[in-house]
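Inside the fold
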Amino acid sequence: DSGVTQTPKHLITATGQRVTLRCSPRSGDLSVYWYQQSLDQGLQFLIQYYNGEERAKGNILERFSAQQFPDLHSELNLSSLELGDSALYFCASSPEDRGNTYEQYFGPGTRLTVT
Amino acid sequence: GIQVEQSPPDLILQEGANSTLRCNFSDSVNNLQWFHQNPWGQLINLFYIPSGTKQNGRLSATTVATERYSLLYISSSQTTDSGVYFCAVEKTSYDKVIFGPGTSLSVIP
C-alpha cells in the first residue's frame with residue numbers, strides 16, 4: 001500500500017457526461033500528479049500540483065481540469081467525455097525538500113469506461 | 001522535449017534467470033525512477049535513482065547520468081516479477097514527467 005488513495009476504483013459513464021476523480025496524497029506529501037494510461041498512448045503525464053498551485057502541465061486536454069485543495073487532496077474533472085477517454089487514471093504524490101520533488105508513489109488508479 | 005527509450009520491449013525468462021533492462025534518455029535529468037506495473041495494473045515504486053547505484057534484494061539499478069542511461073538488473077527472477085517495467089524522468093521538478101514505453105517481462109516456471 002503506497003498510502004495514496006483514489007476514488008472511485010471503477011467508473012462507467014456515457015459519452016458527453018462529466019466525472020470527477022479524487023486523490024488523497026500520502027501524509028505530508030505536497031505534490032500531486034495525474035496520469036492517463038491507455039493501451040495506445042502508454043502512460044501520459046497530465047498535470048502536477050504543488051501545495052495548491054499548478055506546477056507543470058503535460059498533455060492535458062482542454063476538456064479536463066484539475067485542482068488541489070487546501071487539505072492537499074486533488075480532483076481531476078473530465079467533461080464532454082468521449083470514447084477515447086476510456087483509460088486508467090493514476091494519481092501519484094511526492095515528498096519535497098526545498099521545492100524539489102523526489103520519488104513518486106502511485107495510487108491504485110481509477111478505471112474509466114466511457115460507453 | 002526529452003525522449004525516453006527502453007529496451008528490450010519484450011522479454012521472456014525462465015524462472016531463476018537474470019536480466020538487464022535499459023533506459024536511455026535524450027537530455028540531462030534531475031529525477032529518474034523505475035516502476036513495476038504488475039498484472040493487476042498497480043504501479044510500484046522500485047528505485048529513485050537520478051545517479052549512482054542502488055540495490056534492493058534481487059533488484060539493483062545503476063544510472064550513469066553523464067551518458068544518459070539507466071539499467072535495472074533483476075537476478076534470480078521469479079514469476080511474481082512478471083509485468084511491465086517503466087522508467088520515468090523529469091528534467092527538473094517543474095517539468096513534465098516523461099515515461100518510457102516500458103519493457104514487458106514474462107517469467108515462466
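Our subject is the structure listed above.
Presented here is an overview of the structure given in this document.

About the cut-offs
- Residues numbered from 1 in each chain as written.
- Chains lettered and ligands numbered in written order.
- Predicted model: local features only at pLDDT ≥ 70, side-chain atom pairs only at ≥ 80, totals over all residues.
- Heavy atoms only, no water.
- Helix = DSSP H or I, 4+ residues; strand = E, 2+ residues; numbered from the N terminus.
- Buried < 20%, exposed > 50% of the residue type's maximum accessible area, 1.4 Å probe, protein only.
- Pairing = 2+ DSSP bridges.
- Axes fitted to C-alpha atoms, helices over the stretch in contact; angles between N-to-C directions.
- Disulfide = S-S within 2.5 Å.
- Salt bridge = Lys/Arg side-chain N within 4 Å of Asp/Glu carboxyl O.
- Contact = heavy atoms within 4.5 Å.
- Buried area = accessible area lost by both parts, 1.4 Å probe.
- Polar contact = N/O pair within 3.5 Å; in protein donor to acceptor, adjacent residues only side chain to side chain.

Moving on, we get to unusual backbone geometry. Residue T7(A) is joined to P8(A) through a cis peptide bond whose omega torsion reads -10 degrees. Turning to its location among the elements, P8(A) is positioned in the loop between strand 1 (5-7) and strand 2 (10-13). Omega for the peptide link from S7(B) to P8(B) comes to -10 degrees, which places this bond in the cis form. Tracing the sequence through the fold places P8(B) in the loop between strand 1 (4-7) and strand 2 (10-14). One non-glycine residue, L72(A), adopts positive backbone phi at about 80 degrees. Relative to the helices and strands, L72(A) is located in the loop between strand 7 (64-68) and strand 8 (74-78). Given a relative accessible area of 16%, L72(A) falls into the buried group. Unusually for a residue other than glycine, S76(B) sits at a positive phi of about 45 degrees. Mapped onto the fold, S76(B) is located in the loop between strand 8 (69-74) and strand 9 (83-90). On the basis of relative accessibility, which here comes to 38%, the residue S76(B) falls in the partly exposed class.

Turning next to the sheet that holds strand 6 (residues 52-56) of chain B. All names here are of chain B. Strands sit in the order 1-3-8-7-6 across an open sheet of five strands; the sheet is antiparallel. Each having just a single partner strand, strand 1 and strand 6 make up the two edges of the open sheet. Averaged over all adjacent pairs, the angle separating strand axes in this sheet is 15 degrees, with direction ignored. Relative to strand 7 (residues 59-64), strand 6 runs antiparallel, the two sharing five bridges. What sits directly across from N56, in strand 7, is L59.

Bringing the state of the cysteines into the picture now. Under the definition given, this model contains two disulfides over all chains. The disulfide that involves C23(A) links it to C91(A), with 1.7 Å between the sulfurs. Negative torsions about the S-S bond denote left-handed disulfides, and the value of about -45 degrees found for C23(A) with C91(A) makes this one left-handed. Of this pair, C23(A) sits in strand 3 (residues 19-24) while C91(A) sits in strand 9 (residues 87-94); the two residues are 68 residues apart in sequence, bridging distant segments of the chain. By the burial criterion, C23(A) is buried, and C91(A) matches it. Disulfide pairing is shown between C23(B) and C87(B); the S-S distance is 2.0 Å. Because the sign of the S-S torsion sets the handedness, a value of about 70 degrees for the bond joining C23(B) and C87(B) places this disulfide among the right-handed ones. Here C87(B) lies in strand 9 and C23(B) lies in strand 3 (residues 19-25), a separation of 64 residues in the sequence. C23(B) gets classed as buried once you look at its relative accessible area, which sits at 0%. Among the residues examined, C87(B) registers a relative accessible area of 0% and is labelled buried.

A separate point is the pattern of salt bridges. Evaluation of the coordinates by the stated rule reveals six salt bridges over all chains. The partner of E82(A) in a salt bridge is R63(A), with the nearest N and O atoms 3.7 Å apart. Here E82(A), found in the loop between strand 8 and strand 9, pairs with R63(A), found in the loop between strand 6 (53-57) and strand 7; they are 19 residues apart in sequence, far enough to count as distant. With a shortest N-O distance of 2.9 Å, D81(B) and R58(B) are connected by a salt bridge. Note that D81(B) is positioned in the loop between strand 8 and strand 9 and R58(B) in the loop between strand 6 and strand 7, a separation of 23 residues in sequence.

Bringing the interface of chain B and chain A into the picture now. On the chain A side, the residues contacting the 16 residues of chain B number 21 residues. If you sort the residues of chain B by the area they bury against chain A, L43(B), S93(B) and Y94(B) come out on top, with a joint share of 30%. Here chain B is connected to chain A by zero salt bridges. Counting the contacts that link chain B with chain A gives four residue pairs in polar contact (both at pLDDT 80 or more). At the level of elements, strand 4 (31-37), strand 5 (43-48), strand 9 and strand 10 (97-99) of chain B are the ones that each hand at least two residues to the side of chain B that touches chain A. In terms of residue count, strand 4 of chain B provides more of the side of chain B that touches chain A than any other element does, four residues in total.

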